[in-house]
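Each chain, letter by letter, is given below.
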Amino acid sequence: MANTTVKGASAIHGQNPQFLVETVIRNRIWESVYWKEHCFALTAESLIDRAIELRYIGGVYGNQRPTEFLCLLLKLLQIQPEKEILIEYLQADEFKYMRALAAMYIRMTFRAVEVYEILEPLMKDYRKLRYRDMAGYSLVFFDEFIYQLLSEERACDIILPRLPKRQILEESGELGPRKSRLLEAMEGKSDHAGSDRSRSSSHSRATDRSRSTDRSRSPSVYHSRSPSPYRSRSPSEAGSRSRSASVNRFYVSRSPSRSSQSPPTSPHRMSPDRMES
């Protein structure tokens, strides 16, 4: 029959995979028009085309009518695809509703450790999803939807299997500590700042070395700003002073002197009469 689980399917949480959906909702899905027209004879490959056409997620709406999201989720539980195929669903970043469908199926069927390891990286996705329920349409972010799958007991009007807390798995050693994106960003900024500081210090050292080498190569000329009594004379000043000294050496005074006006008379000069006698 079209509503039976595929042969060879393994039990999940000790029961038939389709029984993870409540009986009332499961019967409404089997009676819906979308299930009868679009979900018949779907495989893991052909289901991709239907998942790409999704335009919202949610549980039941209106007169307890199931959404197309729930119909495809029940079909996944019925055909039970392999783990590699589901990982390929998650890696299709351009189809956010198909990623949400695969995340919902992984939350319901995988082990607790695998659920944390696979779904926690999806919290980096901040795109918006349209959510439809009894109150109508609303917007929810993708990371909020993943957080709802990991922390709450019900999602899209379906009771989720019990999931142990992350702290219990960390204490038992089955799961490593969670890596916070905020701490990673802060560590990345600190590393970047440290590299910038090292680069600036190395650059300043290189500039100081180049300046010291330039100073050693250039001739040192000391200019004293303080007035000194022993100030060195410039060549022009020395030449002017030597010229003035030579002029003073050969200068002849033109003013009349006493020697030229009256020659000195000697006290022993004799008259001409005495000399003749």
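Heads up: the structure comes first, above all this text.
Computed from a predicted structure; not experimentally measured.

Undergrad: What should I look at first to understand the overall build of the protein in this one?
TA: What the protein contains, in helices and strands, is 13 helices and 7 strands. Within the protein, the fraction of its 277 residues that count as buried is 32%. Of the contacts formed within the protein by residues at least 6 apart in sequence, a portion of 67% connects residues at least 24 apart.

Undergrad: What is the right way to read the pattern of salt bridges from this model?
TA: Should the charged atoms of two oppositely charged side chains come close, the side chains can pair. Here the structure, examined in full by the defined rule, presents 8 salt bridges. Residue Arg 99 pairs with Asp 93 through a salt bridge whose shortest N-O separation is 3.4 Å. For the salt bridge of Arg 166 with Glu 120, the shortest nitrogen-to-oxygen distance reads 2.6 Å. Of this pair, Arg 166 sits in helix H9 (residues 166-172) while Glu 120 sits in the loop between helix H7 (112-119) and strand E4 (128-133), and the two are 46 residues apart along the sequence. Comparing Arg 166 with Glu 120 shows no difference in burial state: the two are buried. What emerges from the salt-bridge pattern is a single network uniting Asp 93, Arg 99, Asp 125 and Arg 127.

Undergrad: Mind showing me how you'd approach the sheet that holds strand E5 (residues 136-141) here?
TA: Whenever strands of a sheet pair, they do so through backbone hydrogen bonds, lying parallel or antiparallel. Spatial ordering of the open sheet is given by E1-E4-E5, a layout of 3 strands whose pairing is mixed. Two strands lie at the open edges of the sheet, namely strand E1 (57-58) and E5, each paired on one side alone.

Undergrad: Help me understand helix H6 (residues 96-109), please; the structure alone is not making it clear to me.
TA: Between its terminal C-alpha atoms H6 stretches 20 Å, which fits the 20 Å expected from 14 residues at 1.5 Å a residue. Taking burial as the measure, the 14 residues of H6 include 13 buried ones, the bulk of the element.

Undergrad: Honestly, the nonpolar core in this entry has me stumped. Any pointers?
TA: Grouped burial of nonpolar side chains is what soluble globular proteins tend to show. Formed by 62 residues in total, the largest nonpolar core has its most connected members in Ile 57, Phe 69, Met 104, Leu 119, Phe 145 and Ile 146. At 10 residues, H6 tops the list of elements feeding residues into this core. Apart from the residues within four sequence positions on either side, Phe 69 is in contact with Leu 54, Tyr 56, Ile 57, Gly 58, Tyr 97, Ala 100, Leu 101, Met 104, Phe 145 and Cys 156.

Undergrad: Mind showing me how you'd approach the pairing of E4 here?
TA: Looking down a regular strand, the side chains alternate between one sheet face and the other. Sheet analysis places E1 next to E4, joined by 2 bridges and oriented parallel. Within E4, the residue paired with Ile 57 across the bridge is Tyr 131. Between the antiparallel neighbours E4 and E5 lie 2 residues.

Undergrad: Explain the state of the cysteines here, please?
TA: Two cysteines, two sulfur atoms, one covalent bond between them: this is a disulfide. The tally for this structure, following the rule as stated, stands at 0 disulfides. Cys 71 takes part in no disulfide bond, and the closest cysteine sulfur, belonging to Cys 39, lies 5.4 Å away. Residue classification places Cys 71 among the buried positions, given a relative accessible area of 1%.

Undergrad: Help me understand unusual backbone geometry, please; the structure alone is not making it clear to me.
TA: Trans is the prevailing form of peptide bonds, just as negative phi is the prevailing case for residues other than glycine. One non-glycine residue, Ala 41, lies in the positive phi region at around 60 degrees. Residue placement: Ala 41 occurs in the loop between helix H2 (33-38) and helix H3 (47-52). With a relative accessible area of 57%, Ala 41 lands in the exposed category. Positive phi outside glycine occurs at Asp 157, with the angle close to 65 degrees. Looking at the secondary structure, you find Asp 157 in the loop between strand E6 (154-155) and strand E7 (158-159).

Undergrad: Any chance you could explain the layout of surface pockets here in plain terms?
TA: In this model, the largest pocket occupies a volume close to 390 Å³. Of all elements in the fold, only H7 and helix H10 (181-217) reach the threshold of two or more residues within the lining of the largest pocket. The leading source of residues in the lining of the largest pocket is H10, at 3 residues.

Undergrad: Just checking my understanding: could you explain the packing of aromatic side chains for this structure?
TA: By convention here, two paired aromatic rings are described through the distance between centres and the angle between planes. Following the criterion strictly, the structure yields 1 aromatic pair and no others. Taking 5.7 Å as the distance between ring centres and 80 degrees as the angle between the ring planes, the aromatic pair formed by Tyr 56 and Tyr 137 counts as edge-to-face. Note that Tyr 56 is positioned in the loop between H3 and E1 and Tyr 137 in strand E5, a separation of 81 residues in sequence. Positioned over the ring face of Tyr 61 is Arg 132, at 3.7 Å from the centre of the ring.

Undergrad: Looking at this model, I keep getting lost on the side chain of Arg 107. Mind explaining?
TA: Positionally, Arg 107 belongs in helix H6. As a buried residue without a salt bridge, Arg 107 has its nearest oppositely charged side chain in Glu 153, at a separation of 8.6 Å. In this structure the side chain of Arg 107 is engaged in a polar contact, spanning 2.9 Å, whose partner is the backbone oxygen of Pro 161. Ignoring any residue separated from it by four or fewer positions in sequence, one finds Arg 107 in contact with Val 115, Leu 119, Leu 149, Glu 152, Leu 160, Pro 161 and Leu 163.

Each value, and the rule that gives it
- Chains are numbered independently. Their residues run from 1 in the order of the written sequence.
- For this predicted model, a pLDDT threshold of at least 70 governs which residues receive local features, and a threshold of 80 or more governs which side-chain atom pairs are given and counted, while totals over whole chains, interfaces and linings are taken from all residues.
- The side-chain values count all of the structure's non-hydrogen atoms but skip hydrogen atoms and water molecules.
- A helix here means a DSSP run of H or I that spans at least four residues, while a strand means a run of E at least two residues long, and both kinds are numbered starting from the N terminus.
- Each residue is placed in one exposure class: buried if its accessible area under a 1.4 Å probe, protein chains only, is under 20% of its type's maximum, exposed if it is over 50%, and partly exposed if it falls in between.
- Contacts are assigned to residue pairs with any non-hydrogen atoms lying within 4.5 Å of each other.
- A pair is scored as a salt bridge if a Lys or Arg side-chain nitrogen falls within 4 Å of a carboxyl oxygen belonging to Asp or Glu.
- A pair of strands is treated as paired once DSSP finds two or more bridges between them.
- Here the expected span of a helix is defined as 1.5 Å times the quantity of residues minus one.
- Nonpolar cores are built from buried Ala, Val, Leu, Ile, Met, Phe, Trp, Tyr and Cys residues. Side-chain atoms within 4.5 Å join them into one set.
- Disulfides are defined in this document as cysteine sulfur pairs within 2.5 Å.
- Lining residues are those with an atom within 4 Å of a point, where the points come from a 1 Å grid over the protein atoms alone and group into cavities, where a 1.4 Å probe fits but cannot get out, or pockets, open sets with protein on both sides within 12 Å along at least five of seven lines.
- Grid points are joined across faces, edges and corners, and a volume is the space filled by probe spheres set on the points.
- The rule is short: rings of Phe, Tyr and Trp, with Trp giving its six-membered ring, pair when the centres are within 6.5 Å, and they are stacked under 30 degrees, edge-to-face over 60, tilted in between.
- We count a charge as sitting over a ring when the NZ of a lysine or the CZ of an arginine lies within 6 Å of the ring centre and within 35 degrees of the ring normal.
- The charge count treats Lys and Arg as positive and Asp and Glu as negative. His and the chain ends do not count.
- Any pair of nitrogen or oxygen atoms within 3.5 Å is treated as a polar contact; in protein, a donor-acceptor pairing is required on top of that, and neighbouring residues in sequence qualify only through side-chain atoms on both sides.

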